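The chain contents come next:
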Amino acid sequence: PSRVNRRSVDFSVLEKQDGDETTTPFSFDTDTPPVNKAACYIAYTNDETKKVILDNIQYSPLYSGKIHGVGPRYCPSFEDKIMHFPDKKRHQLFVEPCGLDTEELYLQGMSSSLPEAVQLKFLRTIKGLEHVEVMRTAYAIEYDCVDPLALKPSLEFLDLDGLFGAGQFNGSSGYEEAAAQGLIAGINAARKAQGKEPFILDRASSYIGTLIDDLVTKGCSDPYRMMTSRSEYRLLLRQDNADMRLTEIGRQIGLVDDERYQAFQIRKNQFDNELKRLETIKLKPVAETNEKVSAMGFKPLTDAVTAKEFMRRPEVTYQDAVRFIGPAAEDLDSKVIELLETEIKYEGYIKKALDQVAKMKRMEEKRIPQNMDWDALDSIATEARQKFKKINPETIGQASRISGVNPADISILMVYLEGKRGAKKK
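Note that the coordinates shown come from a computational prediction; the quantities given were computed from them, not determined experimentally. (Residues numbered from 1 in each chain as written. Predicted model: local features only at pLDDT ≥ 70, side-chain atom pairs only at ≥ 80, totals over all residues. Heavy atoms only, no water.)

**Looking at the overall build of the protein**
Secondary structure assignment for the protein yields 16 helices and 8 strands. Against the compact-globule benchmark of 22 Å for 426 residues, the protein has a radius of gyration of 27 Å, which places it well outside the compact range. The dimensions of the protein, computed from C-alpha atoms along their principal axes, are 75 × 70 × 45 Å. Residues counted as buried form 41% of the 426 residues belonging to the protein. Taking as baseline every contact in the protein between residues at least 6 positions apart, the subset at least 24 positions apart corresponds to 65%. Summed over its atoms, the accessible surface of the protein is roughly 24,700 Å², and 51% of this surface lies on carbon and sulfur atoms. In the protein, which carries 61 positive and 66 negative side-chain charges, the distance between the mean positions of the two groups comes to 4 Å. (Helix = DSSP H or I, 4+ residues; strand = E, 2+ residues; numbered from the N terminus. Rg over C-alpha atoms; globule rule 2.2 N^0.38 Å. Buried < 20%, exposed > 50% of the residue type's maximum accessible area, 1.4 Å probe, protein only. Contact = heavy atoms within 4.5 Å. Areas by Shrake-Rupley, 256 points an atom, 1.4 Å probe, with all protein chains shown as cover. Lys, Arg positive; Asp, Glu negative; His and termini not counted. Charge placed at Lys NZ, Arg CZ, Asp CG, Glu CD.)

See below:
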């Protein structure tokens, strides 16, 4: 998108969007989260904006044929929006400051490949931007990538020993996705040089595992973006339990130092000890307890329940439970309290998800020989054989997630492998 000068924008007619009062840092090591000091604003396009685009669409490289690549589905150019959604009366754009010490504003949602004069013309049709000054024009890019189906789950190339692919080069879109792949490719390049086994995160452990598994198993027809809906285990892959899921793994491969690991162990011990206390202490349906329960606006108890069971009520918080059982032996980290509430309230759903994970892990443990002769599988569908040859899956689990492979193909594959193992034992 283009960058415009703050002094040329009339903020009085735009919708102000303040940041969160309480910010949640990405890192569990951040003790003092930053304070929001900048505000964003929302502006809207109109029929006049749309007319400028339609009158000049022939100058867009995407529509004139100069660019052939498929654009990212989740951040299309503004002219793409106009062409794909002709019935829309308006589109919103976010006016975002590039920093506290710069006059530059970023017009999120207004990516464009049209000539500079046309860009200025359509921007000035927008309320609040009638006198806007463009500091840097919007522009389009076209880039190439490898076919991610040519990569192993370790991000090493199937046919090029020792070469690892990372970043948008692998067919993904987005900086976080690129960084995640760079991290894993770097870890595995180092482990290869040390003669160690590759490090692979599975789909149930992380979004990184989901991202890479999707790329190397399913490939992509347009730049891949990681979204929570892509994971079948998203109830387990939450921001509040990221350290519980991944710190031990980071420690094992040498990426978590002593100071960080000690801080993690303190939080983990706090969680384990307090969960045990909540499971142990009981609230009895006596008059004194029920008077307090009613005074708090909750339904009285009819049976004795543990503090944990009491917290399962949607309206009951950890602090409510503490009023009955007293505070923990030590002050709990706020992140630990948040994790306790989530784990307790969603325990039934989490258990179902963990059962799914256990089933998936059993599939992942059934490995496929590297020199597998796919032509020997007579009974599978031709499409499945072609996909297996191309991707060369390492496990039954990975094979089952390949697009175009159905459960019958997987059953035949498992019977075939069991027969081979039986013959080998004899």
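**With respect to the packing of helix α1 (residues 47-56) against helix α4 (residues 116-123)**
α4 packs onto α1 with a crossing angle of 160° between their chain directions and a minimal axis gap of 8 Å. It follows from the interaxial angle that α1 and α4 lie roughly antiparallel. Note on packing geometry: the crossing formed by α1 with α4 is right-handed. Packed against α1, whose contacting residues are T49, V52, I53 and N56, the element α4 presents V118, K121 and F122 at the interface. (Axes fitted to C-alpha atoms, helices over the stretch in contact; angles between N-to-C directions. Parallel < 35°, antiparallel > 145°, perpendicular 65-115°, else oblique. Left-handed = near helix turned anticlockwise from the far one by under 90°.)

**Regarding the environment of V336**
By secondary structure assignment, the location of V336 is in helix α12 (residues 334-345). Under the relative-accessibility criterion, V336 is labelled buried at 2%. Residues V336 and Q270 lie 66 residues apart in sequence; the distance between their C-alpha atoms is 7.2 Å. V336 has contacts with R267, Q270 and F271, leaving out every residue within four places of it along the chain.

**A closer look at unusual backbone geometry**
Backbone geometry at L155 places phi at a positive 75°, although glycine is not the residue there. Tracing the backbone shows L155 in the loop between β6 (134-136) and α5 (175-193). The exposure class assigned to L155 is buried, which follows from its relative accessible area of 1%. A positive phi angle, near 50°, is found at N392, a position not held by glycine. Secondary-structure assignment places N392 in the loop between α14 (382-391) and α15 (396-400). For N392, a relative accessible area of 25% puts it in the partly exposed group.

**With respect to the packing of α5 against helix α6 (residues 207-218)**
Axis separation between α5 and α6 bottoms out at 10 Å; the angle between their running directions is 90°. By the angle class used here, α5 and α6 are roughly perpendicular. Across the interface between the two elements, E177, A180, Q181 and I184 from α5 touch I208, L211, I212 and L215 from α6. A class-by-class count of the residues in the contact of α5 with α6 yields 6 nonpolar, 1 polar and 1 charged. (Nonpolar A, V, L, I, M, F, W, Y, C, P; charged D, E, K, R; others polar.)

**A look at the nonpolar core**
By size, the foremost hydrophobic cluster in this structure holds 25 residues, and its most contacted members are L278, L283, F310, M311, Y318, F324 and L340. Elements with a minimum of two residues in this core: α8 (258-280), α10 (307-311), α11 (318-325) and α12. When sequence neighbours within four positions are dropped, the list of residues in contact with F324 reads L283, T289, K292, V293, M296 and F310. Formed by 23 residues, the second largest nonpolar core is a distinct cluster that contains V4, V52, V95 and I126. (Core = buried A, V, L, I, M, F, W, Y, C linked by side-chain atoms within 4.5 Å.)

**Re the sheet that holds strand β1 (residues 3-5)**
Within the open sheet, the 6 strands sit side by side as β2-β3-β4-β5-β1-β6. Their pairing is antiparallel. Each of the sheet's edge strands pairs with one partner strand only, and the pair in question is β2 (15-17) and β6. On average, each strand axis in the sheet is tilted by 35° relative to the strand beside it, whichever way the strands run. Across 2 bridges, the pairing between β1 and β6 is antiparallel. Looking at β6, one finds that R3 is bridged to R136. (Pairing = 2+ DSSP bridges.)

**Details of the packing of aromatic side chains**
Counting across every chain of the model gives 7 aromatic pairs. Three or more aromatic residues link up through ring pairs in this structure, and these residues are F298, F310 and F324. The ring of Y44 has R90 sitting right over it, with the charged end atom 3.7 Å from the ring centre. Its end group placed over the ring of F324, K292 keeps NZ or CZ at 5.4 Å from the ring centre. (Phe/Tyr/Trp six-rings, centres within 6.5 Å; stacked < 30°, edge-to-face > 60°. Lys NZ or Arg CZ within 6 Å of the ring centre and 35° of its normal.)

**Observations concerning the side chain of D320**
Its location among the elements puts D320 in helix α11. It turns out D320 is buried and unbridged, and the closest side chain with the opposite charge, R323, is 4.3 Å from it. Ignoring any residue separated from it by four or fewer positions in sequence, one finds D320 in contact with M296, F298 and E315. (Salt bridge = Lys/Arg side-chain N within 4 Å of Asp/Glu carboxyl O.)

**Focus on the pattern of salt bridges**
Applying the stated criterion across every chain yields a total of 31 salt bridges. As a salt-bridge pair, R267 and D243 come within 3.1 Å of each other at their nearest N and O atoms. Remark: D243 occurs in helix α7 (residues 242-252) and R267 occurs in helix α8; sequence separation between them is 24 residues. With a closest N to O distance of 3.1 Å, D272 and K268 form a salt bridge. Pair noted here: D272 and K268 are both in helix α8, with a separation of 4 residues, about one helical turn. Judged by its relative accessible area of 33%, D272 is partly exposed. Linked by salt bridges that have partners in common, R203, D213, D214, K218, E232, E364 and R401 make up one network.

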